[in-house]
Amino acid sequence: MAPRHDLTADGSRPSAAAAPRTRVPRAAGAGSARLGTGGTGGDKAPPAPVAGTAGELLSGYLHHQAAELLRALRMHEETAGSPEAVTETAHAVRLLRRAARRISATLHTFRRLLDPAWADELSAELNWLSELLTREYDYANRLERLLSALHRLSSAPEESDGAGAAGRPGVGAARAGALLERQLTLLRTRAHSAALQALGSGRFHAVADAVAVLASEVPLAGDALTGAAGHRPAHAALRPSAEHAHRRLVDAVDSLPFGPGALAHTLTAAEDRYDGSWHQVGLLLRFVRYAQEVLGEESPPLSTAARHLRRHREAADAAGAAATAGRTPRIAPATAYALGVLHADQRHEVEAARLAFCRVWHPAGGADHAPVHA
């Protein structure tokens, strides 16, 4: 289901002036933001690092990502609020999230080589901006996922002995789907309105201006230019920070409950007890992968593990939405049953994603094996 961008908070279509003009600063060398007209695609890798100092290598990566974020903001500015440009707006938000996450993670990982106060403030503001603009798409994707699961469960072939009927939503599936659509569409519409309001705020323009400055200038710490780090080879100066990020990831994974006994709790009263810990692992894994990008490295196993953790997060969030809908007062028993079946289906997806991640992290299947890393 395509996300709607032509709704106001009350569900009506806004006028052409409803989407505020964001006046996004243009970075030096930034091309057209429209699809197919020279903007950098979301799947294109950043340019290969060049030899030089740590400051030059780090600055080059941040310059590139800042320019990508400005292109995404400009694309969003040109397409938001237009019913004919929903696809382009969604693409702009994906590019924006991609660049914002990379900048924020890089500022966090290599903070000791940067002005720490500046890095902390910009990282927090980019997280705010990314969450603000992507929230409505998360709700839309969650709804699409749940409705697709309902359809799949409802159309599953019934076992000849009738055993399959116990795991099907039954007659309440249609009402369950309608309830989910009402609740998630309301949340999505509110998120859309909040994003439009924020795009006209001084806070947003301050973030856009800071990113525009970042596209040409990076406030480096003194030793990144003149001290020991400034004279060492770039990789030698940057690697300690990348290795520290990796150690944090390993520690976080080691603290997770592994094994069949730990995974069997997904349908108990404490089903979401460890979801936050798994989400934290996903965040730390992004820090490691983006640090590898700065160094011009790549670890396919970590990329695969990241996909499983994204699947985990999406399933956990979808299960939470189904549970919330199931707690709606005075719903019919058949509707509640259908939502319960849907919730259980998504928690099984959570368990499957965790198992898949464990197989990547411990290829031989044993907890005593070292984690896969670059």
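Residues numbered from 1 in each chain as written. Predicted model: local features only at pLDDT ≥ 70, side-chain atom pairs only at ≥ 80, totals over all residues. Heavy atoms only, no water.

### A short note on the packing of helix H8 (residues 234-254) against helix H10 (residues 275-294)
Note the cut-off: Here the axes come from fitting lines to C-alpha atoms, over the contacting stretch only for helices, and the angles between their N-to-C directions go from 0 to 180 degrees. Runs of E in the DSSP output that reach at least two residues are strands. Runs of H or I that reach at least four are helices, and both are numbered from the N terminus. Angular relationships are summarised with four words: roughly parallel below 35 degrees, roughly antiparallel beyond 145, roughly perpendicular across 65 to 115, and oblique for the angles in between. By convention the crossing between two helices is left-handed if the near helix lies anticlockwise of the far one by an angle smaller than a right angle, and right-handed if it lies clockwise. Should any heavy atoms of two residues lie within 4.5 Å, those residues are considered in contact. Under the scheme applied, nonpolar residues are Ala, Val, Leu, Ile, Met, Phe, Trp, Tyr, Cys and Pro; charged residues are Asp, Glu, Lys and Arg; polar residues are all the others, including Gly.
Where H8 meets H10, the closest approach of the two axes is 9 Å, and the angle between their N-to-C directions is 155 degrees. Here H8 is positioned roughly antiparallel relative to H10, judged by the angle of their axes. The crossing of H8 and H10 is left-handed. Along its contact with H8, which presents Leu238, Ala242, Ala245, His246, Arg248, Leu249, Ala252 and Val253, the element H10 presents Gln280, Val281, Leu284, Leu285, Phe287, Val288, Ala291 and Val294. Taken together, the residues that form the contact of H8 with H10 break down as 13 nonpolar, 2 polar and 1 charged.

### Let's talk about the nonpolar core
Rule in force here: Residues belong to a common nonpolar core when they are buried Ala, Val, Leu, Ile, Met, Phe, Trp, Tyr or Cys residues joined through side-chain atoms within 4.5 Å. Think of it in three bands: with a 1.4 Å probe and only protein chains considered, a residue is buried below 20% of the maximum accessible area for its type, exposed above 50%, and partly exposed in between.
Core analysis: the largest hydrophobic core is formed by 70 residues, its most contacted members being Leu73 and Leu114. Among the elements that take part in this core, helix H1 (residues 54-79) stands out by supplying 11 residues, more than any other. Setting aside residues no more than four positions away along its own chain, Leu114 makes contact with Leu58, Leu62, Leu107, Ala119, Val218, Pro219, Leu220 and Ala221. Core analysis: the next-biggest nonpolar cluster, separate from the first, contains 20 residues, Tyr139, Leu150, Ala322 and Val341 among them.

### Here's the deal with the confidence of the model for the protein chain
Using the following cut-off: The pLDDT value tells you how sure the predictor is about a given residue, anywhere from 0 up to 100.
Predicted confidence across the protein chain gives a mean pLDDT of 81, with 74% of residues reaching 70 or more. Low confidence marks residues 1-22, where pLDDT is under 50. Its contacts with residues over four positions away, or in another chain, come to 48 contacts.

### Here's the deal with unusual backbone geometry
In most cases, non-glycine residues show a negative phi, while peptide bonds are predominantly trans. Non-glycine residue Arg330 carries a positive phi angle of around 60 degrees. A relative accessible area of 82% places Arg330 in the exposed class.

### A closer look at the packing of aromatic side chains
Our working rule: Ring geometry is summarised as follows: Phe, Tyr and Trp rings, the Trp one being its six-membered ring, pair when their centres sit within 6.5 Å, and such pairs are stacked at plane angles under 30 degrees, edge-to-face over 60 and tilted between the two. In this scheme, Lys NZ or Arg CZ marks a charge over a ring once it lies within 6 Å of the ring centre and within 35 degrees of the ring normal.
The full count for this structure, using the stated rule, is 2 aromatic pairs. A ring pair is formed by Trp278 and Phe357, whose centres lie 5.6 Å apart and whose planes are at 80 degrees; its orientation type is edge-to-face. Highlighted residues: Trp278 in helix H10 and Phe357 in helix H12 (residues 333-361), separated in sequence by 79 residues. A ring pair is formed by Phe357 and Trp361, whose centres lie 5.7 Å apart and whose planes are at 20 degrees; its orientation type is stacked. With a gap of 4 residues between them, Phe357 and Trp361 both fall in helix H12, about one helical turn apart. Judged by its relative accessible area of 2%, Trp361 is buried. Following the ring pairs from residue to residue traces out a cluster consisting of Trp278, Phe357 and Trp361. A cation over a ring is seen here: Arg203 above Trp128, with NZ or CZ 4.0 Å from the ring centre.

### Focus: the pattern of salt bridges
In plain terms, the rule: Each salt bridge in this description consists of a side-chain nitrogen of Lys or Arg and a carboxyl oxygen of Asp or Glu lying within 4 Å of one another.
According to the stated counting rule, one finds 15 salt bridges in the structure shown. A salt bridge links Glu131 to Arg135, with the shortest nitrogen-to-oxygen separation between them at 3.2 Å. Of this pair, Glu131 and Arg135 are both found in helix H3 (residues 116-154), 4 residues apart, which corresponds to roughly one turn of the helix. Overall, the relative accessible area of 29% leaves Arg135 in the partly exposed class. Between Arg347 and Asp275 there is a salt bridge, and its shortest N-O distance comes to 2.9 Å. With Arg347 in helix H12 and Asp275 in helix H10, this residue pair connects regions lying 72 residues apart in the sequence. The exposure classification of Arg347 matches that of Asp275, with both residues buried. Through salt bridges with shared partners, a single network forms among Arg145, Arg311, Glu314 and Glu349.

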